[in-house]
Amino acid sequence: MLRRRTALVAAALVAAGLAGCSGGAAPTARPAPEDPPKATTPAPRVPAGHAPTASFAVGVRELKLNRDGDRPLPVTIWYPARGAAGGTPERSVPAAAGRFPVVMFSHGLGGRPADYQLLLRRWAAAGFVVAAPTFPHTGAGGDGNPLDVLNQPADVSYALTRVLALDRKAGDPLRGHLDPDRVAAAGHSAGGVTTIGLFTAGRDDRLDAGIVFAGTALGVGTAFAGAAAPQLFVHGEADEVVSYAAGKAVYDAVPWPKAMLSLPKDDHGRALLSDGTALRVVADTTVEFLRWTLYGDATAKKRLPADATRGGLATLDDHL
């Protein structure tokens, strides 16, 4: 099962980090400074506005990328499309009218973007272009080298540059539909490590917000840098791979507006991988967070606490 495979490899990452093992591709992430700088700008950075209220149909496509010639990075893109909402995503259909924020998503160890499509399709239907690379070593079919996670923030930054370039590419279905000034990063497990790294040691200044699912700062540190970028952490209190305490420690170190959605009965991400009430809580909460941080929609921020706690499945520590 994906969840068990992810758990085993993620445990190897923790063991490797604690034991100082080496092997495979050497990490290239620079060491994080000890003290996180203070946030310098209010959040969100985007102008105040309103997110779309209607649900979109969803299109899907693949983008073949390769960083430095030896890091293949196929990217799956889900995007708002023309047509009736609620159907199965169609390949390479025309994008819906408008310009949409971009969310870069990083999968867990041994995983692939399609494993998370229940959640990522909901983000696309809400008005976001979601781009998810498959990483060369930690993705399904890779060699499983856990230390390569430290190379992945640079992979995401590279993929973001190439995805945003589609906005200017003649004949591309996404030409004129991407907003390069409204960008977030999100990820689960090792992808959570990757996402944290994009705001610490490998800070990408284009990012306006982050969502971390069951993540830890192992290898990337907690020196959050640059302009303020709100962060939403989502963590199962019964997580047997990355302890809830480890995720909470990173959350506590964030110097910016932040919130933590805690799922008392969830483990290392079952809520993300199966269609149930927990997924609906996670989807509704993350959509409202993205609407606020990327569309500047203040009403979405006001709705977020109610969505997070609906049904009594989760609690929210809210410092947004």
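Residues numbered from 1 in each chain as written. Predicted model: local features only at pLDDT ≥ 70, side-chain atom pairs only at ≥ 80, totals over all residues. Heavy atoms only, no water.

### Some words on empty space enclosed by the protein
In total, this model carries two cavities of 30 Å³ or more according to the counting rule given. Its volume calculated, the largest cavity comes out at about 70 Å³. Of all the secondary-structure elements, those providing two or more residues to the lining of the largest cavity are strand E10 (231-236) and helix H6 (270-273). Looking at the lining of the largest cavity, its residues break down into six nonpolar, five polar and two charged. (1 Å grid on protein atoms, 1.4 Å probe; cavity = no way out; pocket = protein on both sides within 12 Å on 5 of 7 lines; lining within 4 Å. Points joined across faces, edges and corners; volume = space filled by probe spheres on them. Helix = DSSP H or I, 4+ residues; strand = E, 2+ residues; numbered from the N terminus. Nonpolar A, V, L, I, M, F, W, Y, C, P; charged D, E, K, R; others polar.)

### Some details on the pairing of strand E7 (residues 129-133)
Most of E7 is tucked away, with five of its five residues classed as buried. A two-sided burial pattern is seen for E7, the buried positions comprising Val129, Ala131 and Pro133 on one face and Val130 and Ala132 on the other. Sheet topology places strand E4 (residues 75-81) next to E7; four bridges connect them, and they run antiparallel. Looking at the pairing, threonine 76 lines up with alanine 132 of E7. (Buried < 20%, exposed > 50% of the residue type's maximum accessible area, 1.4 Å probe, protein only. Pairing = 2+ DSSP bridges.)

### Some points on the packing of aromatic side chains
Applying the stated criterion across every chain yields a total of nine aromatic pairs. Taken together, a centroid distance of 6.5 Å and an interplanar angle of 25 degrees make the contact between tryptophan 123 and phenylalanine 213 stacked. Here tryptophan 123 is found in helix H2 (residues 117-125), whereas its partner phenylalanine 213 is found in strand E9 (residues 209-213), with 90 residues between them in sequence. Assessed through its relative accessible area of 1%, phenylalanine 213 is described here as buried. Aromatic side chains phenylalanine 199 and tryptophan 256 sit 6.2 Å apart centroid to centroid with 70 degrees between the ring planes, which places their arrangement in the edge-to-face category. Pair noted here: phenylalanine 199 is in the loop between helix H4 (190-197) and E9 and tryptophan 256 is in the loop between helix H5 (244-253) and strand E11 (258-263), with a separation of 57 residues, a long-range link. (Phe/Tyr/Trp six-rings, centres within 6.5 Å; stacked < 30°, edge-to-face > 60°.)

### A closer look at the nonpolar core
Grouped together as the largest cluster of nonpolar side chains are 91 residues, with contacts concentrated most on Ile77, Phe105, Trp123, Phe213, Phe289 and Leu290. Broken down by element, the residue count for this core peaks at ten residues, all from helix H7 (residues 277-295). If we ignore the near neighbours within four places in the chain, the residues touching phenylalanine 105 are Tyr116, Leu120, Trp123, Val130, Ala131, Ala132, Pro133, Ala186, Gly187, His188 and Phe213. (Core = buried A, V, L, I, M, F, W, Y, C linked by side-chain atoms within 4.5 Å. Contact = heavy atoms within 4.5 Å.)

### Considerations on the environment of alanine 132
Looking at where alanine 132 falls in the secondary structure, it is placed in strand E7. Considering only alpha carbons, one finds alanine 132 and proline 113, 19 residues apart in sequence, at a separation of 5.8 Å. Beyond its immediate chain neighbours, meaning those up to four positions away, alanine 132 contacts Pro74, Val75, Thr76, Trp78, Phe105, Pro113 and Leu120.

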